[in-house]
Amino acid sequence: MNVDSKPNDNLTLINIFSVAPENRDRLAKLLQEGTDSWISKIPGFVSSALYLSRDGQRIVIQGQWRSAEAIAAMRQNPEMPAYFERIQALATMEAITCDALSAWTAQA
C-alpha cells in the first residue's frame, strides 16, 4: 500500500443527489452539461468526476477546487439559480466541502 498523507492542497466539493430512478439519467445529463458548459470554466476549477450508484437512486459529483473563493464564485455565478432550480426539480442534494487527508494507490 502506498499512502500519500497529503495528496494536494485543493478543496474537494462533494455533492450527493438523491433521485428517483426514472430521473437519474436526466439529472446525470444535466450535471454533465452544467460542468462542461460553465462550471469547468470558472477560475479555480481543477477537475470533477461523476458517479452513478448502482441502485439508481443516487448520483455523486466530486469536484476539486483551488480555494473556497473559487467554490463561492461557482455558487454565485449568474448561471447557478436556473441550473439549481432544474436540479431541485429532479433531486434533493447534500453538499460537503472537504480537505484531503490521505490517498492510497495499489502497489504493483
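Residues numbered from 1 in each chain as written. Predicted model: local features only at pLDDT ≥ 70, side-chain atom pairs only at ≥ 80, totals over all residues. Heavy atoms only, no water.

**Q** So, the overall build of the protein chain: which residues are in play, and what are the values?
**A** When its secondary structure is counted, the protein chain shows 3 helices and 6 strands. Its C-alpha atoms give the protein chain principal-axis dimensions of roughly 40 × 35 × 20 Å. Across the 108 residues that make up the protein chain, the buried fraction comes to 33%. Taking contacts inside the protein chain between residues at least 6 apart in sequence as the whole, the part at least 24 apart equals 76%. Counting every atom, the protein chain has about 7000 Å² of accessible surface; 52% of that belongs to carbon and sulfur. In the protein chain, 10 positive and 12 negative side-chain charges are present, and the distance between their average locations comes to 4 Å. (Helix = DSSP H or I, 4+ residues; strand = E, 2+ residues; numbered from the N terminus. Buried < 20%, exposed > 50% of the residue type's maximum accessible area, 1.4 Å probe, protein only. Contact = heavy atoms within 4.5 Å. Areas by Shrake-Rupley, 256 points an atom, 1.4 Å probe, with all protein chains shown as cover. Lys, Arg positive; Asp, Glu negative; His and termini not counted. Charge placed at Lys NZ, Arg CZ, Asp CG, Glu CD.)

**Q** Tell me about the sheet that holds strand S3 (residues 45-52), and please be specific about residues and values.
**A** With antiparallel pairing, the 4 strands of this open sheet are ordered in space as S3-S4-S2-S5. The strands lining the two open edges of the sheet, one partner per strand, are S3 and strand S5 (91-99). For this sheet the average axis-to-axis angle between neighbouring strands, irrespective of direction, equals 15°. Looking at chain direction, strand S2 (residues 11-19) and strand S4 (residues 58-65) are connected through 8 bridges and run antiparallel. Considered in S4, the bridge of phenylalanine 17 is made with isoleucine 59. Where helix H1 (residues 24-37) meets the sheet, it contacts S2, S3, S4 and S5, and its direction lies at approximately 170° from that of S3. Running at roughly 40° to S2, helix H2 (residues 68-76) makes contact with S2, S4 and S5 of the sheet. (Pairing = 2+ DSSP bridges. Axes fitted to C-alpha atoms, helices over the stretch in contact; angles between N-to-C directions.)

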